[in-house]
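This is what each chain is made of:
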Amino acid sequence: MSPTEQYNSILTLLRAGALEQAEKEYFRLGLDTVSDNEDILALGGRLLKSRMVESHQSHKQELARQAAEKYYHAYEATGGTYTGINTAAMQMLAGDIDNARATADEVLHKTRGYSPKPGQDAYYHMATVAEAYFILGDHVRAETNLTDAISLDPENYDAHASTLKQFELLATVNNADISWLDKFRPPKTLHFAGHIFGLDGDGNVLDEASVYGLGKSILDKILSENIGYVYGALAAGSDILIAEKALEANAEFHLVLPCPDELFLETSVVPFGEHWVPRFWACKAAAKTVRYLSGDNLKTDDMFTAFASETAMGLAVLKAERLATKPLQLLIWDQKNPTAKAGTARDAKVWEQAGRDQIIIPYPRDTRKATGAGDNAEELTASRDLKAMVFADVRGFGALTDSQVPVFIDKILRPLAICVNTQGRQLEHLNTWGDGLFLVLDSVEAAANVASDLQETFRAIDLAEIGLPEFLALRIGGHYGPVHEMRDPFTNRIGVFGTEVAFAARIEPVTVPGSIYVSEPFACALALSAEEKYRCETVGKVEARKGQQALKLFSLRVR
């Protein structure tokens, strides 16, 4: 790859939040030795800045100081305003206010002699001016120039989010009021759900006036809340109606289904009227992305319905985090059936428990008694349970000599076993083979905790001191999904089975040694929880073993 391509590859990882991957690639490609390119020179500072953002409070100023030095080296070498304004920002976060303002003033003067190209170049030029004024303490001019910046590249939401996060970071120095930033935030994300209904017949039906009222309320909420991205399924009734109104409002629709189209239509669309079928296909055709949480075309149940809903909710939260905006949930709901294992009531409970905002549009039930198919997925019968799974093994174990194996068991496996045994009742199943480990836990929070503890325990072992090769490294993969809990005929113990277990097993072998990779459903469920200890950073699609599809994975890191 050329230096520019190498830079872009690192930048892509950084923008996706994959900090550890970016750091590894930065040094592997030797970009830390480049001395004549402003963008590449700035990467060292940007990596340290990202590390600073997620570090403990006691380390932030020191990392900010190191980042300021890296940025200043690039600024001194090139005189570029990008490295200049980042030098000023890092100096401010390091507590060096006087130098920060002196650098910002210098950058501000440099911007007056530059004529940017239209579009993104013009946006960053004006955003730099706005940031310089913000560091100088002139928030009125900062707001004015940020307004101009947004108008020059109005739909570059990733760039807008980056700027907003930078201002929020700088505001922590003096607790500045930044409520004025809210008007610049990208469109919000939305998870939606609601009751299934028909338009005629003897089943769960609504009359035309009720449906019209629902549609108007949905569209009003989507427009007034500035919703730009919606995530959900396409069951008859509420789902399809919300998706249609979102598309009418030019929102980006992301479809998440628990099973293939044919089975979904058979169970959740056709029983409520054939008229829903063309509307299903029209919405699906307009979807930006389509995800199926199961490939089984013969059977689905409430666990997969709940699984799909959690994934859709998590996707909405992850998108909002990326865009520095707010996730919402829109429900058409009668606020009944609070103990349901799947469906609208469960979705409402899961979202509410995470402390996130909801919009509830009351479901206007028809006065006719429902005698046909069920109202929604809540009436399905459970046959599986949602579980978090962790696979781990030690890379390089097969290269050990026979005399090293007892040391490996005593000095490595024993500390890891102690770590696992502290999980208590949250650990539901355990299996081991040589250097391999398979754990099943009752939640993604528990799985994240044990995976992080295992990796930390392994890193604390001095391999050279115990006489083992330093190429040994722990790989950990995590997944979340519905599994069958059944008695194993060979061991006579309860175990877990199913396609999700097989999928979980595919993650660990492609995990970078020393890292924790998790699936998209795992990342979504963790993002949806109230747990703020961890961050899942996308690493994109990772090539799997021969003959298998690439996996969309995330790196699990402690914030």
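## Some details on the overall build of the protein chain
When you go through the protein chain residue by residue, the secondary structure sums to 19 helices and 14 strands. The C-alpha radius of gyration of the protein chain comes to 26 Å, within 12% of the 24 Å expected for a compact globule of 559 residues. Dimensions of the protein chain, computed from C-alpha atoms along their principal axes, come out at roughly 75 × 70 × 40 Å. Counting all 559 residues of the protein chain, 54% fall into the buried class. Look at the contacts in the protein chain between residues 6 or more apart in sequence, and 72% of them connect residues 24 or more apart. In the protein chain, 56 positive and 76 negative side-chain charges are present, and the distance between their average locations comes to 1 Å.

## Description of unusual backbone geometry
Even without glycine at this site, Asn 175 takes up a positive phi of about 55°. Mapped onto the elements of the fold, Asn 175 is located in the loop between α9 (157-171) and β1 (188-194). For Asn 175, a relative accessible area of 71% gives the class exposed. Even without being glycine, Asn 250 reaches a positive phi, approximately 65°.

## Concerning the packing of helix α17 (residues 444-459) against helix α19 (residues 520-528)
It is the contact of α17 with α19, at a shortest axis distance of 9 Å, that shows an interaxial angle of 105°. The angle between the axes of α17 and α19 places the two elements in the roughly perpendicular class. Between α17, through Val 444, Glu 445, Ala 447 and Ala 448, and α19, the contact on the second element is made entirely by Phe 522, Ala 525 and Leu 526. Split by residue class, the contact of α17 with α19 holds 6 nonpolar, no polar and 1 charged.

## Side note on the layout of surface pockets
As a volume, the second largest pocket reaches approximately 810 Å³. Along the wall of the second largest pocket there are 27 residues; nearest its centre are Tyr 292, Leu 293, Phe 503, Arg 506 and Gln 549. Every element with two or more residues in the lining of the second largest pocket is listed here: β4 (289-292), α14 (302-323), β10 (473-487), α18 (499-505), α19 and β14 (551-558). Per-class residue counts for the lining of the second largest pocket are 10 nonpolar, 9 polar and 8 charged.

## Quick word on the sheet that holds β1
Spatially, β4-β3-β2-β1-β5-β6 is the arrangement adopted by the 6 strands of the open sheet, whose pairing is parallel. The outermost strands of the open sheet, each flanked by one partner alone, are β4 and β6 (358-362). Neighbouring strand axes in the sheet, compared pairwise and without regard to direction, differ in orientation by 20° on average. Bridge count between strand β3 (residues 252-257) and β4: 4 bridges; the pairing is parallel. Bridging across to β4, Val 256 finds its partner in Arg 291.

## Things to note about the packing of helix α4 (residues 57-78) against helix α5 (residues 81-93)
Packing of α4 against α5 brings their axes to within 8 Å, and their N-to-C directions diverge by 155°. Overall, the two elements α4 and α5 adopt an arrangement that is roughly antiparallel. Note on packing geometry: the crossing formed by α4 with α5 is left-handed. Residues Gln 61, Ala 64, Ala 67, Ala 68, Tyr 71, Tyr 72, Ala 74, Tyr 75 and Thr 78 of α4 form the contact with α5, whose participating residues are Tyr 82, Thr 83, Gly 84, Asn 86, Thr 87, Met 90, Gln 91 and Leu 93. Grouping the amino acids of the contact of α4 with α5 by side-chain chemistry returns 10 nonpolar, 7 polar and no charged.

## Things to note about the packing of aromatic side chains
This model, assessed by the stated rule, comprises 17 aromatic pairs. A centroid spacing of 5.0 Å and a plane angle of 75° characterise the contact between Tyr 26 and Phe 27, whose relative ring orientation is edge-to-face. The exposure class assigned to Tyr 26 is buried, which follows from its relative accessible area of 4%. With 6.3 Å between their ring centres and 90° between their planes, Trp 180 and Phe 184 make a pair best called edge-to-face. Judged on exposure class, the residue Trp 180 and its partner Phe 184 are both buried. A connected cluster of aromatic rings, assembled from ring pairs, spans Phe 134, Phe 167, Trp 180 and Phe 184. Directly above the ring of Tyr 229 sits Lys 319, whose terminal nitrogen or CZ lies 4.7 Å from the centroid.

## Considerations on the side chain of Asp 239
Tracing the backbone through its elements, the reader meets Asp 239 in helix α11 (residues 238-248). Of the side chains with opposite charge, Arg 279 comes closest to the buried, unpaired Asp 239, at an N-O distance of 12 Å. Discounting chain neighbours no more than four positions away, the residues touching Asp 239 are Phe 192, Ala 193, Gly 194, Ala 233 and Leu 234.

## Topic: helix α6 (residues 97-111)
In this model α6 runs 21 Å from its N-terminal to its C-terminal C-alpha over 15 residues, within 8% of the 21 Å that 1.5 Å per residue would give. Listing the buried residues of α6 in full gives Ala 100, Thr 103, Ala 104, Val 107, Leu 108 and Thr 111. Projected onto a plane normal to the axis of α6, the buried residues spread over an arc of 145° and lie on a single side. Contact partners of the buried residues in α6: α4, α5 and α7 (120-135).

So, how was this worked out
- Residues numbered from 1 in each chain as written.
- Predicted model: local features only at pLDDT ≥ 70, side-chain atom pairs only at ≥ 80, totals over all residues.
- Heavy atoms only, no water.
- Helix = DSSP H or I, 4+ residues; strand = E, 2+ residues; numbered from the N terminus.
- Rg over C-alpha atoms; globule rule 2.2 N^0.38 Å.
- Buried < 20%, exposed > 50% of the residue type's maximum accessible area, 1.4 Å probe, protein only.
- Contact = heavy atoms within 4.5 Å.
- Lys, Arg positive; Asp, Glu negative; His and termini not counted.
- Charge placed at Lys NZ, Arg CZ, Asp CG, Glu CD.
- Axes fitted to C-alpha atoms, helices over the stretch in contact; angles between N-to-C directions.
- Parallel < 35°, antiparallel > 145°, perpendicular 65-115°, else oblique.
- Nonpolar A, V, L, I, M, F, W, Y, C, P; charged D, E, K, R; others polar.
- 1 Å grid on protein atoms, 1.4 Å probe; cavity = no way out; pocket = protein on both sides within 12 Å on 5 of 7 lines; lining within 4 Å.
- Points joined across faces, edges and corners; volume = space filled by probe spheres on them.
- Pairing = 2+ DSSP bridges.
- Left-handed = near helix turned anticlockwise from the far one by under 90°.
- Phe/Tyr/Trp six-rings, centres within 6.5 Å; stacked < 30°, edge-to-face > 60°.
- Lys NZ or Arg CZ within 6 Å of the ring centre and 35° of its normal.
- Salt bridge = Lys/Arg side-chain N within 4 Å of Asp/Glu carboxyl O.
- Expected span 1.5 Å × (residues − 1).
- Arc of directions from axis to C-beta.

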